[in-house]
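Letter by letter, the chains look like this.
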Amino acid sequence: MEIVKNAVVGLTYELKVSKEENEIESVPFSVEIRDNEDPFYFIFGFSGLPEKFEELLAGKSQGESFNFTISAQDAYGEPDDEMIMALPKAQFSAEAGFEPEMLEEGNFLPLVDENGYPMQAKVLKDLGEEILLDFNHPLVGFDLHFDGEVFEVREATPEELDHGHVHGDHGHQH
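Residues numbered from 1 in each chain as written. Predicted model: local features only at pLDDT ≥ 70, side-chain atom pairs only at ≥ 80, totals over all residues. Heavy atoms only, no water.

(A) Region of interest: the overall build of the chain. Along its length, the chain carries two helices and eleven strands. Reading the chain from its N end, one meets helices and strands in the order β-β-β-β-β-α-β-β-β-β-β-β-α. Structurally, the chain occupies a C-alpha span of about 55 × 45 × 25 Å along its principal axes. Going through the 174 residues of the chain one by one, you find that 34% of them count as buried. In the chain, the share of contacts with a sequence separation of at least 24, taken over all contacts with a separation of at least 6, comes to 66%. Accessible area of the chain: about 10500 Å², with a carbon and sulfur share of 48%. Computing the positive centroid from 10 side-chain charges and the negative centroid from 39, the chain places the two 3 Å apart. (Helix = DSSP H or I, 4+ residues; strand = E, 2+ residues; numbered from the N terminus. Buried < 20%, exposed > 50% of the residue type's maximum accessible area, 1.4 Å probe, protein only. Contact = heavy atoms within 4.5 Å. Areas by Shrake-Rupley, 256 points an atom, 1.4 Å probe, with all protein chains shown as cover. Lys, Arg positive; Asp, Glu negative; His and termini not counted. Charge placed at Lys NZ, Arg CZ, Asp CG, Glu CD.)

Next up, the structure:
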C-alpha cells in the first residue's frame, strides 16, 4: 500500500538539524532517532508535522527509504518575537508540579497549551518575580534533514481516524 491521506504510516529515521548563519550552514547535528523498536507512527494528513514533510512522503510504500531536507521556511519558520513572554513565577509553583531547578535558564519546561496539547517553553531568563519564556517550537529557524525508511503503511481504523492519532503512540511529542 502507498502512503495516502488517512493511511497509518510508521517511519524510522534520523533527524538532523542545521542552521544557516551569515550564509554559512552549520554542521547538522542529530536531534532525534526513531528505530525499529520505536517507530514514529502518525495518520497521514494529521501528523502535526510541517506540510512539506507529508508532501515528500506521499506515494511511498513500505520498505522505501527517504532522504530529504526541509528548509526552515517550510518547517517551523523563523522565531517569532511574540512567542517570547514573561510570566509570573508564581505560576510555576511546587503545587503546580514544578521544581525550582526546572526554571533554570536553558531548560525546557513541559507545559500544556489551552487545548490540552503538550508543548515546551524554553527558559530564557530569570527576572526575579517573573520568568522569561520562549514558546517558539524548539526547531524554529532550523533546516530539518530526514534520513529514514518507511517502516509500515496500513489503513487507519475508524477509531484512529476519529481521534486523529494512532493508538499506542502515547507520550511522543514532535
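Anyway, onward from the coordinates.
(B) Seen up close, the environment of E37. Position of E37 relative to the elements: it lies in the loop between β4 (29-34) and β5 (40-43). Distance in space between the C-alpha atoms of E37 and T12 is 9.0 Å, their sequence separation being 25 residues.

(C) Up close: the sheet that holds strand β10 (residues 130-134). Read across the open sheet, the four strands follow the order β7-β10-β9-β8; overall the sheet is antiparallel. Either end of the sheet is taken by a strand with one partner, and the two such strands are β7 (84-88) and β8 (108-112). On average, each strand axis in the sheet is tilted by 40° relative to the strand beside it, whichever way the strands run. Sheet topology places strand β9 (residues 118-126) next to β10; four bridges connect them, and they run antiparallel. Bridge assignment links K125 to a residue of β10, and that residue is L132. (Pairing = 2+ DSSP bridges. Axes fitted to C-alpha atoms, helices over the stretch in contact; angles between N-to-C directions.)

(D) Looking closely at the side chain of R34. If you trace the backbone, R34 turns up in strand β4. Polar contacts involving the side chain of R34 include one to the side chain of E32, which spans 3.3 Å. Within the structure, R34 has its side chain in polar contact with the backbone oxygen of P39 (distance 3.3 Å). (Polar contact = N/O pair within 3.5 Å; in protein donor to acceptor, adjacent residues only side chain to side chain.)

(E) Local environment of the pattern of salt bridges. Enumeration over the complete set of coordinates arrives at six salt bridges. The shortest N-O distance in the salt bridge between K89 and D126 comes to 2.9 Å. One end of the pair, K89, is in the loop between β7 and β8; the other, D126, is in strand β9, and 37 residues separate them in sequence. The exposure class of D126 is partly exposed, given its relative accessible area of 37%. Here E160 makes a salt bridge to R154, at a shortest N to O gap of 3.1 Å. Here E160 falls in the buried class, since its relative accessible area comes to 4%. (Salt bridge = Lys/Arg side-chain N within 4 Å of Asp/Glu carboxyl O.)

(F) Representation of the packing of aromatic side chains. One pass over the full model with this rule turns up eleven aromatic pairs. Between F68 and F146, the aromatic rings sit 5.7 Å apart at their centres with planes inclined by 45°, giving tilted as the arrangement. Placement of F68 in strand β6 (residues 65-70) and of F146 in strand β11 (residues 143-155) is noted, with a sequence separation of 78 residues between them. Through a chain of ring-to-ring contacts, three or more aromatic side chains come together here, namely Y13, F40, F42, F44, F53, F66, F68 and F146. Here the guanidinium or amino end of K19 rests over the ring plane of F142, the centre of that ring lying 4.2 Å away. (Phe/Tyr/Trp six-rings, centres within 6.5 Å; stacked < 30°, edge-to-face > 60°. Lys NZ or Arg CZ within 6 Å of the ring centre and 35° of its normal.)

In short, shape yes, function no, at least from these values alone.
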